[in-house]
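# Structural characterization, general
Each chain is listed here by its residues.
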Amino acid sequence: MSDNTFEVKWRIENAISWFETRNDTLYSSQFLAGTLKNTRWKLRLSLNSQLGEKYISFSLQRDIEDDYPQTINLNYELLFIASDGSLLKSKRCTDKFDPKTVSQELNVKQSVILEEEKKAYFAEGVLTVCCQLWKGSNFSYGRSCLIQTVIGKKCIKVNTTIDNLSPPSIMNVNFMPPSTDISLLSLDVYVGSDELIFKRKHVECKSFSWYLCKLFALGSNGEEIGFKERNDLTNQLILNNAEIIQSMPPLDHLIRKGTLSLQLEITYYPAVVSESTRIMF
């Protein structure tokens, strides 16, 4: 058995929803190739177009967080495999990898994966890809790892504060989630003598099938106090052109020294909801 061989298998549950909706790259969690000088890597699945035809592309990326900065000459094979382990499509390559280098791509037509051979590629709703890495001219199995990713509905909560509330005025509040999917959600706040009105101003995020928001004020002990909803945020898609408005009467026990604490609950789909990596020998 070779001591410089590594195999990683990546299983993605509910992957169809990602490729039908999102146009950004799906990455596996990082894995450490112990047989290749402890270098760090990721697998990638992305959408691209060639001569008007849409493809799903599978590739390997050497990660930037690497303990071995030198160039590695590497043989590798990219594979789409069925649930029973049988081969659907593969590509064998040789490349030089520096940190951040992305490999050649194994391309399969999107129509083949999502329509024509959907049962083969998505057995029980799971897409499985594999990458085998080795140095030298001879290949034999060594260490391996299994990465599992689940695509589903994700909910995140973001807190912020509005300072110096004084009617009448118009203020802006920004929610900046710690997420690569959503980078910014901005609201205008209309401060009146008898109410506060919140209106969506700007959002920066990926493409989703749906995306829902709920706004709360936070009490002194962190309790959530719901707003009176002029439009029901739980039934509004934030990515459409409909205005999203919430209002509340000023509550003295919530506005402390001119400051109001807020929490925005964001639920969206599809998203990566869980990942796990298991080293196998």
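Look above for the structure.
Read on for an overview of the structure. (Residues numbered from 1 in each chain as written. Predicted model: local features only at pLDDT ≥ 70, side-chain atom pairs only at ≥ 80, totals over all residues. Heavy atoms only, no water.)

### Thoughts on the pairing of strand β1 (residues 5-13)
- For β1 and strand β9 (residues 126-134), the ladder comprises 9 bridges, and the chain directions are antiparallel. Residue Ile12 lies in a different strand from β9, and its bridge partner there is Leu127.
- Sheet topology places β1 next to strand β10 (residues 143-162); 8 bridges connect them, and they run parallel. Looking across to β10, one finds that Trp10 is bridged to Ile147. (Pairing = 2+ DSSP bridges. Helix = DSSP H or I, 4+ residues; strand = E, 2+ residues; numbered from the N terminus.)

### Brief notes about the packing of aromatic side chains
- Summed over all chains, the structure comprises 9 aromatic pairs.
- Summarising the aromatic geometry, the rings of Phe6 and Phe31 are spaced 5.9 Å apart at their centres and angled 0° between planes, so their arrangement reads as stacked. A residue pair is termed long-range when its members are at least 10 positions apart, and Phe6 in strand β1 and Phe31 in strand β3 (residues 31-33) qualify at 25 residues. The same class applies to Phe6 and to Phe31, which are both buried.
- Over the aromatic face of Tyr27 sits the side chain of Lys42, whose NZ or CZ is 5.8 Å from the ring centroid. (Phe/Tyr/Trp six-rings, centres within 6.5 Å; stacked < 30°, edge-to-face > 60°. Buried < 20%, exposed > 50% of the residue type's maximum accessible area, 1.4 Å probe, protein only. Lys NZ or Arg CZ within 6 Å of the ring centre and 35° of its normal.)

### Looking at the environment of Thr101
- Mapped onto the fold, Thr101 is located in the loop between β7 (87-97) and β8 (106-109).
- Each C-alpha atom of the pair Thr101 and Leu60 lies 8.5 Å from the other, and the pair is 41 residues apart in sequence.
- Once you skip the residues sitting within four places of it in the chain, Thr101 turns out to touch Leu60, Gln61, Arg62 and Lys96.
- Here the side chain of Thr101 touches Asp98 through a polar contact of 2.9 Å, landing on its backbone nitrogen. (Contact = heavy atoms within 4.5 Å. Polar contact = N/O pair within 3.5 Å; in protein donor to acceptor, adjacent residues only side chain to side chain.)

### Examining the pattern of salt bridges
- Evaluated as defined, the whole model comprises 5 salt bridges.
- Taking the shortest distance from any N to any O, the salt bridge between Arg22 and Asp181 comes out at 2.7 Å. Within this pair, whereas Arg22 is found in the loop between α1 (15-21) and β2 (26-27), its partner Asp181 is found in the loop between β11 (169-175) and β12 (182-191), the two being separated by 159 residues in sequence.
- A relative accessible area of 9% means that Asp181 is categorised as buried.
- Among the salt bridges present, the one from Lys157 reaches Glu265, with a minimum N-O distance of 3.8 Å. Here the residue Lys157 occupies a position in strand β10, and Glu265 occupies one in strand β19 (residues 259-280), the gap between them amounting to 108 residues.
- Given a relative accessible area of 46%, Lys157 falls into the partly exposed group.
- Owing to a relative accessible area of 21%, Glu265 belongs among the partly exposed residues under this scheme.
- The structure contains a network of salt bridges with shared partners spanning Arg22, Asp24 and Asp181. (Salt bridge = Lys/Arg side-chain N within 4 Å of Asp/Glu carboxyl O.)

Such coordinate-based values are descriptive only and should not be taken to indicate function.
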